[in-house]
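Here is what each chain is made of, one letter per residue.
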Amino acid sequence: MSGIPMLCWERDQPQILGRLGHRSKLKICCKTVNEPELVLGWLEHHGAIVGLENLIIADNGSDDFGALETYSRFADKVTIFQFSGNHNDIHWHPRFGPLFEALKASSDHFAFFDVDERLIWIEGGNWSANSNILEAIREFDSIYPATWLINAIGSSDKFNLLDTERRPILTNNLKYGKPILTSKLIGAQAGIHNIQYAGNKYSSACAGQLFLLHLTQFPDQRIDANVKKLANRGLVERSIDPQVISSMDFSSYPDKTVLRFQNEIVEMLAYKNGDRTIEAKETEYLNLTKNGAVNYSNDEARMAFSKFVEDAPSVAETIFA
């Protein structure tokens, strides 16, 4: 690991758990492997919301020097440890029971956000990512659903409001976004999406204001992520040339999400080769400016977002009942 020491779950549990004992309103955990540019942004962004001491990095075997160097810079404040096995195992209570028990005992709320996700608050014509978000989390027995905002291809400040077929996507993004869980649900199940906790008590008060930027539409990143997902299912080698995947036949595979992974690889390869078909369809989006303002690409985008914000509380109650 390039000579940079790291805590290891299988070896250093007492030390890891000891760092989580302080009481917090919200702790946030991120699972990752390598991706140094995303890790740094994730730490800086969420550190401004909850404080670095309330962040946890569960690393699944990074060997990239940039990622490990970032860890070494933050190791005195952020709880960072490595774990072996499948990267999704970190959500599985039977394997990481002591971790979830420590979090349950020390946190009012808890969230799992991926390394390409950023929690924000939108109110009126402004957005923010600071400790004011914590002030909105007042119901200690409720789940707070964050709605995905998926970035326009190649952009870190534009986020689509319609899909490529010009259909509204925010209601679906509320359904499959990520929850801020109440402490009693920490480790209760392996779910990490809002809909997986349907039937529990949800707060609808923030449903149209709490968002999770999903920075997933960068070609190289998207291709690599989907190759990794196919490799984790044993369908390809991790080192495969992505171009080969575009001509493979996954039609008989029972998990049909693999076809989506393949299609995204094909789309991103086409974009890298100069095809701007996807980009041309991304015409309705909101733009988050550096000064905290929310702008819109056109009136249709403004109306789509305003309608979602207005309807979100009742939509959330319906979805999660």
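Every chain begins its residue count from 1, and numbering advances along the sequence as written. Restriction of local features to residues with pLDDT of at least 70 applies here, the model being predicted, together with a cutoff of 80 or more for giving and counting side-chain atom pairs; totals for whole chains, interfaces and linings are based on all residues. Only hydrogens and water are set aside; all other atoms, that is, all heavy atoms of the structure, feed into the side-chain values.

### Let's talk about the overall build of the chain
Here is the rule we go by: Under the DSSP-based scheme used, a helix requires at least four consecutive residues in state H or I and a strand at least two consecutive residues in state E, with every element numbered from the N terminus. C-alpha atoms define the radius of gyration in this analysis, and the globule rule sets the expected value at 2.2 Å times the number of residues to the power 0.38. Note on classification: 1.4 Å probe, protein chains only; a residue is buried when its accessible area is under 20% of the maximum for its type, exposed when over 50%, partly exposed between these limits. Throughout, a contact is declared for two residues whenever any of their heavy atoms are within 4.5 Å. When charges are counted, Lys and Arg contribute as positive and Asp and Glu as negative, whereas His and the chain ends are disregarded. For charged residues, the charge sits on one atom: NZ in Lys, CZ in Arg, CG in Asp, CD in Glu.
Summing up its helical and strand segments, the chain has 11 helices and 13 strands in all. Its C-alpha radius of gyration of 20 Å places the chain within 12% of the 20 Å reference for a compact globule of 321 residues. Summarising its shape, the C-alpha atoms of the chain cover approximately 50 × 45 × 40 Å along the three principal directions. Going through the 321 residues of the chain one by one, you find that 50% of them count as buried. A sequence separation of at least 24 residues applies to 71% of the contacts in the chain between residues at least 6 apart. For the chain, the distance from the average position of its 32 positive side-chain charges to the average position of its 41 negative side-chain charges is 3 Å.

### Some points on the sheet that holds strand E12 (residues 285-288)
Just so we agree on the cut-off: What makes two strands pair is DSSP finding at least two bridges between them. Helix axes use the C-alpha atoms of the stretch in contact, all axes being lines fitted to C-alpha atoms, and the angles between their N-to-C directions lie in the range 0 to 180 degrees.
Strand order in the open sheet formed by three strands is E9-E12-E13, with antiparallel pairing between adjacent strands. The open sheet has two free edges, formed respectively by strand E9 (158-160) and strand E13 (294-296), since each of these has just one partner strand. For this sheet, the mean inter-axis angle between neighbouring strands, taken without regard to orientation, is 30°. In this sheet, E12 lies alongside E9 in antiparallel orientation, the contact comprising three bridges.

### Brief notes about the confidence of the model for the chain
Detailed conclusions should not be drawn from predicted coordinates in areas where pLDDT is low. What counts, and what does not: As a per-residue measure, pLDDT reflects the predictor's confidence and takes values from 0 up to 100.
In the predicted model, the chain carries a mean pLDDT of 93, and 98% of its residues have values of at least 70. Looking across the chain, the model is least confident in helix H10 (residues 277-281), with a mean pLDDT of 84, and most confident in E13, with 98.

### Details of the packing of aromatic side chains
Think of a pair of aromatic rings as described by two things: how far the centres are apart, and how the planes are tilted against each other in angle. Note the cut-off: We call Phe, Tyr and Trp rings a pair once their centres come within 6.5 Å, taking the six-membered ring for Trp, and we label the pair stacked below 30 degrees between planes, edge-to-face above 60, and tilted otherwise.
Counted under the stated rule, the structure contains nine aromatic pairs. Aromatic pair Tyr202 and Phe320: ring centres 4.0 Å apart, planes at 10°, arrangement stacked. Note that Tyr202 is positioned in the loop between strand E10 (178-182) and strand E11 (210-214) and Phe320 in the segment after helix H11 (299-319), a separation of 118 residues in sequence. Judged by its relative accessible area of 13%, Tyr202 is buried. Pairing Phe211 with Phe308 gives two aromatic rings, centres 6.1 Å apart and planes at 55°, and the pair type is tilted. Linking Phe211 in strand E11 with Phe308 in helix H11, this pair joins segments that are 97 residues apart in sequence. Pair check on accessibility: Phe211 and Phe308 agree, each one buried. Here the aromatic cluster, defined as three or more aromatic residues joined through ring pairs, consists of Trp9, Phe81, Phe83 and Phe96.

### Description of the pattern of salt bridges
Rules: For this document, the term salt bridge refers to a Lys or Arg side-chain nitrogen within 4 Å of an Asp or Glu carboxyl oxygen.
The tally for this structure, following the rule as stated, stands at 15 salt bridges. Between Arg238 and Asp224 there is a salt bridge whose closest N-O contact spans 2.9 Å. One end of the pair, Arg238, is in the loop between helix H7 (219-232) and helix H8 (242-245); the other, Asp224, is in helix H7, and 14 residues separate them in sequence. By relative accessible area, which is 38% here, Arg238 ends up partly exposed. The class of Asp224 is partly exposed, set by a relative accessible area of 33%. One salt bridge connects Arg260 with Glu264, and the closest N-O pair in it is separated by 3.7 Å.

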